[in-house]
Amino acid sequence: MKARVFVTLKPSVFDPQGHTIVEALHSLGYGDVADVRQGKFFEIDLRVPTSAAAEKLAAEVADRVLANPVIESFRIELAPNGSQTTTHQGGRNA
Amino acid sequence: MTFAVVVFPGSNCDHDAYYAAKHVLGQEARFVWHKETSLGGADVVVLPGGFSHGDYLRTGAIARFSPIMHAVKEFAAAGGPVLGVCNGFQIMLECGLLPGAMLRNRDVKFHCEFVHVRVERTDTPFTTLCAQGQVLRLPIAHGEGNYYAPPDVAATLEAQGRVIFRYSTAAGEVTDAANPNGSLNSIAGICSERRNVVGLMPHPERACETAVGSGDGLVLFESAVKTLSRQGSLQAVAR
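Because the structure is a prediction, the values reported are computed rather than measured. (Residues numbered from 1 in each chain as written. Chains lettered and ligands numbered in written order. Predicted model: local features only at pLDDT ≥ 70, side-chain atom pairs only at ≥ 80, totals over all residues.)

Looking at this model, I keep getting lost on the overall build of chain B. Mind explaining?
Summing up its helical and strand segments, chain B has five helices and eleven strands in all. Here the C-alpha radius of gyration of chain B, 16 Å, is about what a compact globule of 239 residues would show, namely 18 Å. With the C-alpha coordinates aligned to their principal axes, the bounding extent of chain B is approximately 50 × 40 × 40 Å. In chain B, buried positions account for 54% of the 239 residues. (Helix = DSSP H or I, 4+ residues; strand = E, 2+ residues; numbered from the N terminus. Rg over C-alpha atoms; globule rule 2.2 N^0.38 Å. Buried ≥ 20, exposed ≤ 12 C-beta atoms within 10 Å, placed from the backbone.)

How should I be thinking about the interface of chain B and chain A in this particular structure?
You'll often see interface size given as the accessible area lost when the parts meet. Of the residues lining the interface, twelve residues belong to chain B; the matching set on chain A comes to nine residues. At the level of elements, strand E5 (101-103) and strand E8 (146-148) of chain B are the ones that each hand at least two residues to the side of chain B that touches chain A. Counted by class, the side of chain B that touches chain A contains five nonpolar, three polar and four charged residues. (Contact = placed C-beta atoms within 7 Å. Nonpolar A, V, L, I, M, F, W, Y, C, P; charged D, E, K, R; others polar.)

Explain the nonpolar core to me, please; I cannot follow it from the model alone.
Across soluble globular proteins, nonpolar side chains have a tendency to be buried as a group. In this structure, Val5, Val6, Val45, Val46, Val72 and Met92 of chain B are the most contacted members of the largest nonpolar core, which totals 77 residues. Counting residues in hydrophobic clusters, the runner-up holds ten residues, among them Val7, Ala62, Leu66 and Ile76 of chain A. (Core = buried A, V, L, I, M, F, W, Y, C linked by C-beta atoms within 7 Å.)

Is there a simple way to explain unusual backbone geometry in this structure?
Backbone geometry follows two general trends: most residues other than glycine have a negative phi, and most peptide bonds adopt the trans configuration. All names here are of chain B. Backbone geometry at Asp55 places phi at a positive 55 degrees, although glycine is not the residue there. Within the secondary structure, Asp55 sits in the loop between strand E3 (44-47) and helix H2 (68-77). Accessibility expressed as a C-beta count within 10 Å gives 18 for Asp55, which makes it partly exposed. Not every positive phi belongs to a glycine, and Ser186 is a case in point at roughly 55 degrees. Structurally, the position occupied by Ser186 is in the loop between strand E9 (163-168) and strand E10 (187-191). Overall, Ser186 belongs to the buried group, with 21 C-beta atoms counted inside 10 Å.

Got a minute to help me understand the environment of Asn181 of chain B in this structure?
Residue and element names in this part refer to chain B. Position of Asn181 among the secondary structure elements: in the loop between E9 and E10. On the neighbour-count criterion, Asn181 (26 C-beta atoms within 10 Å) is buried. In the structure, Asn181 is positioned 104 residues away from Ala77 in sequence and 31 Å away in space, judged by C-alpha atoms. When sequence neighbours within four positions are dropped, the list of residues in contact with Asn181 reads Asn105, Arg106, His111, Gly145 and Asn146.

How should the sheet that holds E10 of chain B be read in this particular structure?
Strand pairing in a sheet relies on backbone hydrogen bonds. The paired strands run either parallel or antiparallel. All names here are of chain B. A sheet is described by the order of its strands in space; here nine strands give the open sequence E2-E1-E3-E4-E11-E10-E9-E6-E7, paired in mixed fashion. Pairing within the sheet leaves two strands with one partner each, and these edge strands are strand E2 (28-33) and strand E7 (135-142). Adjacent strand axes in the sheet meet at a mean angle of 25 degrees when their direction is disregarded. As paired strands, strand E6 (residues 111-119) and E9 are joined by four bridges and run antiparallel to one another. Bridge pairing links His116 to Ser168 in E9. Sheet strands in contact with H2 are strand E1 (2-7), E2, E3, strand E4 (82-85) and strand E11 (197-200), and its direction is about 125 degrees off that of E4. (Pairing = 2+ DSSP bridges. Axes fitted to C-alpha atoms, helices over the stretch in contact; angles between N-to-C directions.)

Written out as structure tokens, the structure is:
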């Protein structure tokens, strides 16, 4: 079973990379791009039988290791056997 | 007095810290591999700079799970002096020894240069020999040194006098231009609530002899020696 974990800086936290990218886009003429926030994307293969177990394991890994709860929050999407996705919002103090 | 310098895979300032303690100050020093579980009776612990485990996920994110970190946390909880430099500071933030987190430098560039920091407090084991407001010239070398803490945490740090170093001009003025990475309130270093754990982004261990550009960092190590010898004599009196 695959899980996708999206880690992003919390809205209240300044994103230096996103800021640099939006300035670059403006200089390329994309003045209608109002803002960019950069994050991380993890695709994880999980050896667990149920989507409930997958969600639990992915959330634990994301909370403990993949994201720093001081500055980041995360979102999990499960893709059991193909295209169907479910969404889990997580992150301490998110 | 024995300094334990913890070595993670990717540490690269471990030898500088060892050299400062052993060869500049003439104290005992030993390396402690991150897989070890004991600090072996050390009096001071240094988490050195570098790129532990490559810092691929986040700076310090993997090092905090190293077996030695249990012993480091116990040592800190017992009041032992712990100094975290650069990546060592980042590891302290990741493992919760100190509050806050590091963001990318605000200009997204790696900064490798000498900066000035103002000593805000002398009541930590690593600043007792400093003068209040003293300006130190120390090198920095980091891409993620943009200190951040949520507003309530930052307010607590300021209220409790736990900001130990701030980026400043050579004259000791804290200005935005003198802040190399965008750190909140120009914070270069902080301490724990008990004040025995100190973390900072600049490298005092790389500035312990004028031959390498600055000897200003030595005072942190000298302070630790002085603090411990004073505590030792107090304990002797108590006995």
